[in-house]
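Listed below are the residues making up each chain.
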Amino acid sequence: MRRYVLTGAPGAGKTTLADALRRRGWSVVAEAATDVIATEQARGVAEPWGGPGFVDAVARLQRERREASGAPGVVQVHDRSPLCTLALARYLGRPPGRALVGEIEQVLREGAYQRQVFLVQPLGFVTATDARRISYAESLAFARVHEEIYRRHGHHLIVVPPAPVRTRVTLVEAHLRRLADLPPDGAEGVPDPAYFT
């Protein structure tokens, strides 16, 4: 299994990029934090990220999704990884909990994620959602924490600059094919109209 991570600032377009890659036929594993937030907000918790168990809940869901995903030999794209969750803990000023520490130790020991990580750069704005209540300046600071943590853990960051979705998809696909030693896509350069956004 070759797992490649999309990381970067909140609101930088990672999930839009991941969705476009999925439409192009790539195996994509969704971000966990947004789903944890949505579940807790449905229970009446307005700001779940303020709770003491939030970071570990994200780490547990990430582990479940990683363990349930794909078959050997498959190339996958993960919208964030446990190192992103560590960045979240640092940004929130909290020590990482037992579940997160255990997950990070395991994925680093097993080499569960590839060392090449896609750093999706900010678009110049952040669109607020129920799960994302952060200013653009705060998102930039949060992005720097992600970058620092990935570099500290020996990852090579592949920059995905701000650009239209189709341009980003073409760039990421080219890197994935090269990194995973896959043949070129005969349709490359003819993107699916579904992601012209």
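Our subject is the structure that appears above.
Residues numbered from 1 in each chain as written. Predicted model: local features only at pLDDT ≥ 70, side-chain atom pairs only at ≥ 80, totals over all residues. Heavy atoms only, no water.

J.: How would you explain the packing of aromatic side chains if you had to name every residue and give the values?
T.: Following the criterion strictly, the structure yields one aromatic pair and no others. Between Tyr91 and Phe142 the ring centres are 4.5 Å apart and the planes differ by 20 degrees, which places this aromatic pair in the stacked class. One end of the pair, Tyr91, is in helix 4 (residues 82–92); the other, Phe142, is in helix 6 (residues 136–152), with 51 residues separating them in the sequence. Since its relative accessible area comes to 32%, Tyr91 is described here as partly exposed. (Phe/Tyr/Trp six-rings, centres within 6.5 Å; stacked < 30°, edge-to-face > 60°. Helix = DSSP H or I, 4+ residues; strand = E, 2+ residues; numbered from the N terminus. Buried < 20%, exposed > 50% of the residue type's maximum accessible area, 1.4 Å probe, protein only.)

J.: Describe the pattern of salt bridges, naming the residues involved and giving the relevant values.
T.: Considering all chains together, one arrives at eight salt bridges under this definition. Residue Arg65 pairs with Asp35 through a salt bridge whose shortest N-O separation is 2.5 Å. Taken together, the residues span a long stretch of sequence, with Arg65 in helix 3 (residues 54–68) and Asp35 in helix 2 (residues 33–42) at a distance of 30 residues. Classification of Arg65 by relative accessible area gives partly exposed; the value is 23%. When its relative accessible area of 31% is taken as the criterion, Asp35 is described as partly exposed. One salt bridge in this structure joins Arg152 and Glu148, with 2.3 Å as the shortest N-O distance. Taken together, the residues Arg152 and Glu148, both in helix 6 and four residues apart, mark about one turn of the helix. (Salt bridge = Lys/Arg side-chain N within 4 Å of Asp/Glu carboxyl O.)

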